[in-house]
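Fold and contact review
Read off the chains here:
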Number of protein chains: 2
Amino acid sequence: MNDTTETLEHRLSGIHAALVKDETELVDEVVADLEPAEIALLLESLPPADRIRLWERVPAEVDGEVLLHVHDEVRSTLLDDMDHAEIVAAATGLDTTDLADLFEDLPQLVAEDMLRSMDEQQRQRLQETLAFEEDSAGRLMRTDTIGVRADVSLETVHRFLRWKETVPDNTDALMVVDRNGLVVGILPLARLVSHDTDMAVADLMDSDVDFISMGMKSRDVATLFQTHDLSSAPVVDDEGRLLGRIVIEDIVDVIRDNSEQALMNMAGLDEEEDLFAPVLPSARRRAVWLGINLLTAFLAAGVIGRFEAALDQIVALAVLMPIVASMGGIAGSQTLTLAIRGMALGQISRTNSQWLMRKEIGIAILNGVGWALVVALLAILWFKSLGIGVIIAIALVINMLAAGIAGIAIPLVLKRMGIDPALSGSVVLTTVTDVVGFMAFLGLATLFLL
Amino acid sequence: MNDTTETLEHRLSGIHAALVKDETELVDEVVADLEPAEIALLLESLPPADRIRLWERVPAEVDGEVLLHVHDEVRSTLLDDMDHAEIVAAATGLDTTDLADLFEDLPQLVAEDMLRSMDEQQRQRLQETLAFEEDSAGRLMRTDTIGVRADVSLETVHRFLRWKETVPDNTDALMVVDRNGLVVGILPLARLVSHDTDMAVADLMDSDVDFISMGMKSRDVATLFQTHDLSSAPVVDDEGRLLGRIVIEDIVDVIRDNSEQALMNMAGLDEEEDLFAPVLPSARRRAVWLGINLLTAFLAAGVIGRFEAALDQIVALAVLMPIVASMGGIAGSQTLTLAIRGMALGQISRTNSQWLMRKEIGIAILNGVGWALVVALLAILWFKSLGIGVIIAIALVINMLAAGIAGIAIPLVLKRMGIDPALSGSVVLTTVTDVVGFMAFLGLATLFLL
């Protein structure tokens, strides 16, 4: 029985303390009790020096599995610590799919050496897998599929499986193929075990199969698994011949990676970023995003600069102007987030985007007018000027309208341009709400208050 | 063979057009070809009037399944359109777990009627399920588990399953229980089919089982499934007696819901929000978030207001001040996002948070100084004033330092207070970077330039 109640955070504190105190026996004890994915999480949770100390205590036989579970950036810090022979040993135990995952991160000399040490069949399989695009079904599939023929009896299938003695991990169905290797159905193990053995596979198999073509994007495969409630599905080539299978256990990783990517991209970060990366490379990577945002900040400053006369005469404008920009930014980011979620689920198309736009305009008018009255009242009380109150109210409504429209339009346009809306949507949106906000408020003030 | 290449967006456009043109036959044809989860996605993708038209074309026998797949808010719009008898019919086909999911959303009269129409056993099961907390393993588990005894032979198991004729959906393993109903192991179907039938269950079962206690949080169950690479696991009561099973197919939903929640919460939205909700309720819900942000905007304005003298004398300060606030906000949100991801994965604890803080301070100094030089140069060129350049550079470094520290400290403090950092982290952070940014820049200007 495993104790499933202890959280990772507890283990983390424990192992971190043990590492610091150099209590290697305690470390070994904890590590021996962990799954590779848990060791991976622990390694990712440690600062570089402690991470390497833990890595050196991880038993060589799980090295490969652990490397598969860490993010790319952490993986390279771990590989840096291994010598040639250790890497080869770690990679040797992996199946083709997993090895392909790791292969492109290996130092060139190690990779060449590994290729040389493989037999012809292994090498060919690896090269076939590597030929598929990353994030495609071909890279995601497992090749250890069991295929059976439709015209045999269940008894024959049972005998065949007993003769094999083991069934590959995460097998919940056998693939039924014809004489030419074309997939004609699938036979779930649950059906196999609950029917008389003299039935034929053909009578029992599920022939209404969701085929996955080898080039299908992982993201689309994940959607298919979710909407069709699949546990596994055959991957086929262009002729419909069986190449492998994708199982839901691997889909879970795709879903987690995709959601992590959306979250990280919205802050201009890479989802492979190591939480404990050294300062210098981290700073360099984040600098790019800061630079892009500096451009938009200077754009906004440029807009403000055009109204120096107004600011010079009425200091209240400078005090209040960030409110107009900020409310637009918040309203816009709400609309943008809803639109990004809708687009990720495939729910926004040309046919309904106009309805959405009208809805957001309606919301912008209601919330714009409502909060504009509050802001106007406070501004009038603060600065004893009716004019400023009226102008900030109008500017606020204008900016919230712009935010609502931009929140729907920006992700649609970015997507059509082939740019991920989650990555750049918020910068573009902030630019719009800053520029419109400052221009409306200071422009109206220039027109009517000077 | 199913065509898996047509995307949801294409189908959506097609069905939307057909609905608008009242081509009910075409609509029926498309709907007949879809899985309940796909119908649910389509319904969610339609404006209210079209959604109801499509809902009325959905065959009654899948109504229950579709209701399970839509978000809460959409569900209530669909339930509103159904009469008493339709709701009862839709709910009747569901198993206890699914019914419990739906039950709390049913109109009270319908719920009472349903309880009356159930037999004693059904009613008791439903009440037991409802007694578990939402988002707990007890609510997530399926109760249609097949239990077998350890001392029987595989042959007996085979005979038993053939006698039952069907195995519940998504069964990939049988639970092995002793005479008192205590779980002693699990028997994967893959092992059952690949071994000689005269073996005993006890010799073949996996007794190193990850038990899930009925009160465990869904989120923790999902983590366990991912780190231990599980496909299914038994749920047990406090004594270790078998209550049910959780399968990876349901974990996928938990993972998706959690990631959706993080994304939506960061914009102050509820993950159950209907993309096509009517304007009025949507506006009301979002108004709260805007109001909270208005408070922080006024706080920032209040800070600016304290430096009216400086703004009155040097108009360049008003032009440049948003740059200081904005760069701090961006830098802080990068740190915050990394911290929120790390906390969601359980990777941040007391032991490593200091290391992280030092790292973020390092990055803030590097990027702060780097971009401060750029901003200073541009400011000097723009306003021909060395003083302003020096002051904006110092203010920028100060604000980026504050952003880095706040980006780590805020989520840690919020979590200790039991508040979801994804929900309120960004408001608190923006308040800090706005206040510090304006205060540093305008304060330094007041001290040294007036």
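Calculation rules
Going along each chain's sequence as written, the residues are numbered from 1 onward. Key to labels: chains lettered from A, ligands numbered from 1, both in the order written. In keeping with the predicted nature of the model, local features appear solely for residues at pLDDT of at least 70, side-chain atom pairs appear and are counted solely at 80 or more, and the whole-chain, interface and lining totals rest on all residues. Heavy atoms throughout the structure, all of them, feed into the side-chain values; hydrogens and water do not. UniProt positions are given in the numbering used here, feature names are shortened, and annotations may be inferred rather than shown by experiment. Note on contacts: a residue pair is in contact if any heavy atoms of the two residues lie within 4.5 Å. Note on definitions: buried area is the accessible-area loss of two parts on being combined, 1.4 Å probe, summed for both. Every case where a carboxyl oxygen of Asp or Glu lies within 4 Å of a side-chain nitrogen of Lys or Arg is listed as a salt bridge. Here a polar contact is recorded for every N or O atom pair within 3.5 Å, except that within protein the pair must consist of a potential hydrogen donor and a potential acceptor, and residues adjacent in sequence are included only if both atoms are side-chain atoms. Two rings from Phe, Tyr or Trp (for Trp, the six-membered ring) form a pair when their centres sit within 6.5 Å of each other. Planes less than 30 degrees apart are called stacked, planes more than 60 degrees apart edge-to-face, and all others tilted. Labels follow the DSSP assignment, with helices taken as runs of H or I lasting at least four residues and strands as runs of E lasting at least two, numbered in each case from the N terminus. Each residue is assigned to one of three classes by its accessible area relative to the maximum for its type, calculated with a 1.4 Å probe on protein chains only: buried under 20%, partly exposed between the two thresholds, exposed over 50%. Each copy is superposed on the other by least squares, with the fit set by C-alpha atoms of residues at a pLDDT of at least 70 in both. At least two DSSP bridges between two strands are needed for those strands to be called paired. Throughout, nonpolar core names a set of buried Ala, Val, Leu, Ile, Met, Phe, Trp, Tyr and Cys residues whose side chains join them through atoms within 4.5 Å. Patches were defined on residues exceeding 30% relative accessible area and lacking a salt bridge, with like-charge contacts within 9 Å and nonpolar side-chain contacts (Val, Leu, Ile, Met, Phe, Trp, Tyr) within 5 Å. Shrake-Rupley sampling with a 1.4 Å probe provides the accessible areas, and residues are treated as covered by the protein chains on show and by no other component.

Looking at an unreviewed UniProt entry, one finds chain A named Magnesium transporter MgtE and attributed to Halomonas korlensis. UniProt lists a comment for chain A under the heading Sequence similarities (unreviewed entry), and it reads "Belongs to the SLC41A transporter family." Of chain A, the UniProt comment under Function (unreviewed entry) reads exactly: "Acts as a magnesium transporter."

Before going further, it helps to examine the interface of chain A and chain B. The interface is formed by 126 residues belonging to chain A together with 126 residues belonging to chain B. Buried surface at the junction of chain A and chain B, summed over both partners, amounts to about 11800 Å²; 67% is from carbon and sulfur atoms. Viewed at the interface, chain B and chain A are joined by 4 salt bridges. Glu260 of chain A is paired through a salt bridge with Arg341 of chain B; the nearest N and O atoms lie 3.3 Å apart. Connecting chain A to chain B are 40 residue pairs in polar contact (both at pLDDT 80 or more).

In this section: the packing of aromatic side chains. Under the defined criterion, the tally for this structure stands at 8 aromatic pairs over all chains. Here the aromatic rings of Phe298 of chain A and Trp382 of chain B are separated by 6.4 Å at their centres, their planes lie at 35°, and the arrangement is tilted. Placement of the pair is Phe298 of chain A in helix α17 (residues 279-305) and Trp382 of chain B in helix α20 (residues 350-383), with the two residues belonging to separate chains. The exposure class of Trp382 of chain B is partly exposed, given its relative accessible area of 32%. Taken together, the aromatic side chains of Phe298 of chain A together with Trp382 and Phe383 of chain B make up a single cluster linked through ring pairs.

Another aspect to go through is the relation of the copies chain A and chain B. One copy of the chain maps onto the other through a rotation about an axis followed by a shift along the same axis. Expressed as a screw transformation, the operator carrying chain A onto chain B has a rotation angle of 180° and an axial translation of 0.0 Å, and the superposed copies differ by an RMSD of 0.1 Å. On this basis, the relationship between the two copies can be described by a two-fold rotation axis. A share of 100% of the interface residues of chain A reappears at the interface of chain B, consistent with the copies meeting face to face through the same patch.

Right, let's get into the UniProt feature "transmembrane region" (unreviewed entry) in chain A. Listed under "transmembrane region" (unreviewed entry) in the UniProt record, and renumbered for this structure, are residues 287-307, 313-340, 361-382, 388-414 and 426-449 of chain A. Taken as a whole, residues 287-307 of chain A contains 90% helix and 0% strand, while its terminal C-alpha atoms sit 30 Å from one another.

Attention now goes to the sheet that holds strand β6 (residues 242-247) of chain A. Strand order in the open sheet formed by 3 strands is β4-β5-β6 (chain A), with mixed pairing between adjacent strands. Only two strands of the sheet have a single neighbouring strand rather than two, namely β4 (212-213) and β6 of chain A.

Looking at the secondary structure, you find Asp274 of chain B in the loop between α16 (248-265) and α17 (279-305). Assessed through its relative accessible area of 1%, Asp274 of chain B is described here as buried. Here the side chain of Asp274 of chain B touches Arg51 of chain B through a polar contact of 2.8 Å, side chain to side chain. With residues up to four places along the chain from it excluded, the contact list for Asp274 of chain B reads Lys359 of chain A together with Glu44, Arg51, Glu73, Val74 and Thr77 of chain B.

This part is about the environment of Met343 of chain B. Residues and elements named next belong to chain B. Within the secondary structure, Met343 sits in helix α19 (residues 315-344). For Met343, a relative accessible area of 10% gives the class buried. Note: C-alpha distance between Met343 and Leu412 (69 residues apart in sequence) is 8.6 Å. Sequence-distant contacts of Met343, that is, excluding residues within four places in its chain, are made with Ile348, Pro411, Leu412, Lys415 and Pro421.

What follows deals with the nonpolar core. If you look at the biggest cluster of nonpolar residues, it comprises 100 residues, and the most contacted ones within it are Leu311 and Phe441 of chain A together with Leu311 and Phe441 of chain B. In this structure Phe441 of chain B touches Leu317, Leu320, Met321, Val324, Ile391, Ile392 and Ala395 of chain B, once residues within four positions along its chain are discounted.

With that out of the way, let us pick up a nonpolar patch on the surface. Residue and element names in this part refer to chain A. A cluster of nonpolar side chains, contributed by Val374, Leu377, Leu378 and Leu381, occupies part of the molecular surface with about 340 Å² of accessible area. With respect to the secondary-structure elements, Leu381 resides in helix α20 (residues 350-383). By relative accessible area, Leu381 is classed as exposed at 54%.

Moving on to the UniProt feature "domain: CBS" (unreviewed entry) in chain A. In the UniProt entry, the feature "domain: CBS" (unreviewed entry) is given for residues 205-263 of chain A. Annotated as residues 205-263 of chain A, this span is 44% helix and 22% strand, and its ends, taken at the C-alpha atoms, are 41 Å apart.

Another point: the pairing of strand β2 (residues 173-177) of chain B. All names here are of chain B. The element β2 is extensively covered by neighbouring structure, given that 5 of its 5 residues are classed as buried. Burial along β2 is two-sided: the face carrying Ala173, Met175 and Val177 and the face carrying Leu174 and Val176 are both buried. In this structure, strand β1 (residues 147-149) lies alongside β2, joined through 3 bridges in parallel fashion. Bridge assignment links Gly147 to a residue of β2, and that residue is Met175. Across 5 bridges, the pairing between β2 and strand β3 (residues 183-188) is antiparallel. The residue bridging Val177 from the neighbouring strand is Val183, located in β3.

Attention now goes to the pattern of salt bridges. For the structure on display, the rule yields 36 salt bridges over all chains. A salt bridge links Asp253 of chain A to Arg256 of chain A, with the nearest nitrogen and oxygen atoms 3.8 Å apart. In this pair, Asp253 of chain A and Arg256 of chain A both sit in helix α16 (residues 248-265), 3 residues apart, roughly one turn of the helix. Judged by relative accessible area, which is 29%, Asp253 of chain A ranks as partly exposed. We classify Arg256 of chain A as partly exposed; its relative accessible area is 28%. Asp257 of chain B is paired through a salt bridge with Arg256 of chain B; the nearest N and O atoms lie 3.7 Å apart.

Below, the discussion takes up unusual backbone geometry. For Asp135 of chain A, which is not glycine, the phi torsion reads 65° and is therefore positive. Tracing the chain through its elements places Asp135 of chain A in the loop between α10 (120-131) and α11 (137-140). A positive phi angle, close to 60°, is found at Asp22 of chain B, a residue other than glycine. With respect to the secondary-structure elements, Asp22 of chain B resides in the loop between α1 (8-20) and α2 (24-32).

Below, the discussion takes up the side chain of His228 of chain B. Along the chain, His228 of chain B turns up in the loop between α15 (218-227) and β5 (232-236). Those residues in contact with His228 of chain B that lie beyond four places of it in its chain are Glu35 and Glu38 of chain A together with Asp210 of chain B.

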